[in-house]
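Notes for the structure review
Chain residues, written in single-letter form:
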Amino acid sequence: MKLQNLTPNKIEKNFEIYTNQIEKALKKGQKTNLKDFTTQLHNYTALFERAPETDKLVKKTSLMAERIVGYGKLDFASVIYSFLLKTVKNQKLIEDIAMKQLALAKRINDPIHIMARTADIRKIYQEISPKSPEHIKWMRAEIKSIRRVINHYEHSKNNYQTITRNPQPKEFYEKLLGTTLVDLGKILKQKEPKEALPLFEEAQEIFKKQDMKDSLNFTKVLIQETQEKLK
């Protein structure tokens, strides 16, 4: 579908017609190709980035995803939420969409997507209120979700609901855990050094295992500084 020569209003109309057709087909239980749907959504990326009433368009699309969840087509709903997260700029809407997709990932028991959506929400608070209680809360949640992926890696890999990419090797998530532990420890170090120290120590062991020399040396410095605060 070539959209570049159409006006924004015409593109929006085409989008509504297309998504209505998809929703009707899913509601009736008709066979619908998820990969084709994903591709078509991608074609509408520019519309969401420059539409005059983007928030209105996003809300309508998000409501469509909620209805599709009601039809039991959770994979299609997840594709819509992922599409919206990549195209929406409004922070409040991003948070709302990320929360909905997090709930969906929990519903289908997909640990890798739970981790990713938790990270999305953490990034929002990192942007709008860094080091706030909400930011720290979501950093803790992100660490918990990464641990789950690592501790139940085969289950996480098998339950990864996506058609566009494969899960990363287990080592990738271990490295991610290490860097996230350090990020949280750096926030806590000044006021809560007792809590920060074990985070750094755990990260240190991960960096040793993964032979991440620069990260390991940096973490050793953080551990020394934190130990000094505890004397």
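Every value quoted in this text rests on a predicted model; they were computed, and no experiment measured them.

A few words on helix α10 (residues 170-188). An α-helical segment advances 3.6 residues per turn. Residues three or four places apart therefore align on the same side. When the terminal C-alpha atoms of α10 are compared, their 27 Å separation across 19 residues agrees well with the 27 Å that a helix rising 1.5 Å per residue should span. Of the residues making up α10, those classed as buried are Y173, E174, L177, G178, T180, L181, V182, L184, G185, I187 and L188. Here the buried face of α10 lies against α7 (111-128), α8 (133-151), α9 (153-158), α11 (193-209) and α12 (213-230).

Looking now at the pattern of salt bridges. All chains considered together, the criterion is met by 13 salt bridges. Two residues, K100 and E66, come together in a salt bridge whose shortest N-O distance is 2.5 Å. Of this pair, K100 sits in helix α6 (residues 91-107) while E66 sits in helix α4 (residues 54-70), and the two are 34 residues apart along the sequence. You can call K100 partly exposed: its relative accessible area is 23%. When its relative accessible area of 36% is taken as the criterion, E66 is described as partly exposed. Across the pair K189 and E225 runs a salt bridge, and its minimum N-O distance is 3.0 Å. In this pair, K189 is assigned in the loop between α10 and α11 and E225 in helix α12, connecting sequence segments 36 residues apart. Where salt bridges share partners, they join E66, D96 and K100 into one cluster.

Our focus in this paragraph is α12. The end-to-end C-alpha distance of α12 is 26 Å, a good match for the 26 Å that 18 residues give at a rise of 1.5 Å each. Among all positions of α12, only L216, T219, L222, I223 and T226 are buried. The buried residues of α12 occupy an angular sector of 120° when the element is viewed end-on, so they sit on one face. Exposed residues on α12 whose side chains face more than 90 degrees from its buried face are K213, D214, Q224 and E228. Elements in contact with the buried residues of α12: α10 and α11.

Right, let's get into the layout of surface pockets. Roughly 1000 Å³ of volume is contained in the largest pocket. Along the walls of the largest pocket sit 39 residues, with S82, K86, H113, R117 and R165 positioned nearest its centre. Only α2 (34-43), α5 (74-87), α6, α7 and α10 provide two or more residues apiece to the lining of the largest pocket. For the lining of the largest pocket, the element with the most residues is α7, which contributes ten residues. Here the residues of the lining of the largest pocket are counted per class, giving 17 nonpolar, 14 polar and eight charged.

A separate point is the packing of aromatic side chains. Tallied over the entire structure, the rule returns five aromatic pairs. Taken together, a centroid distance of 6.3 Å and an interplanar angle of 25° make the contact between Y18 and F37 stacked. With Y18 in helix α1 (residues 8-27) and F37 in helix α2, this residue pair connects regions lying 19 residues apart in the sequence. Here F37 falls in the buried class, since its relative accessible area comes to 1%. Measuring from centroid to centroid gives 6.3 Å for Y153 and Y173, while their planes differ by 50°, and the two rings are tilted. Placement of Y153 in helix α9 and of Y173 in helix α10 is noted, with a sequence separation of 20 residues between them. Joined through ring pairs, the aromatic side chains of Y18, F37 and F76 make up one cluster.

Our focus in this paragraph is the nonpolar core. By size, the foremost hydrophobic cluster in this structure holds 40 residues, and its most contacted members are F37, L47, F48, I80 and L84. Of all the secondary structure elements, the ones that give two or more residues to this core are α1, α2, α3 (45-50), α4, α5, α6 and α7. For this core, the element with the most residues is α5, which contributes nine residues. One finds I136, I143, I150 and F207 within the second-largest nonpolar core, a separate group that totals 28 residues.

According to the stated counting rule, one finds one cavity of 30 Å³ or more in the structure shown. As a volume, the largest cavity reaches approximately 40 Å³. As for the largest cavity, its lining consists of S78, Q101, L104, A105, I108, D110, H113 and Q161. With three residues, α6 is the single largest residue contributor to the lining of the largest cavity. The residue makeup of the lining of the largest cavity, split by class, is three nonpolar, four polar and one charged.

Calculation rules
Residues numbered from 1 in each chain as written. Predicted model: local features only at pLDDT ≥ 70, side-chain atom pairs only at ≥ 80, totals over all residues. Heavy atoms only, no water. Helix = DSSP H or I, 4+ residues; strand = E, 2+ residues; numbered from the N terminus. Expected span 1.5 Å × (residues − 1). Buried < 20%, exposed > 50% of the residue type's maximum accessible area, 1.4 Å probe, protein only. Contact = heavy atoms within 4.5 Å. Salt bridge = Lys/Arg side-chain N within 4 Å of Asp/Glu carboxyl O. Arc of directions from axis to C-beta. 1 Å grid on protein atoms, 1.4 Å probe; cavity = no way out; pocket = protein on both sides within 12 Å on 5 of 7 lines; lining within 4 Å. Points joined across faces, edges and corners; volume = space filled by probe spheres on them. Nonpolar A, V, L, I, M, F, W, Y, C, P; charged D, E, K, R; others polar. Phe/Tyr/Trp six-rings, centres within 6.5 Å; stacked < 30°, edge-to-face > 60°. Core = buried A, V, L, I, M, F, W, Y, C linked by side-chain atoms within 4.5 Å.

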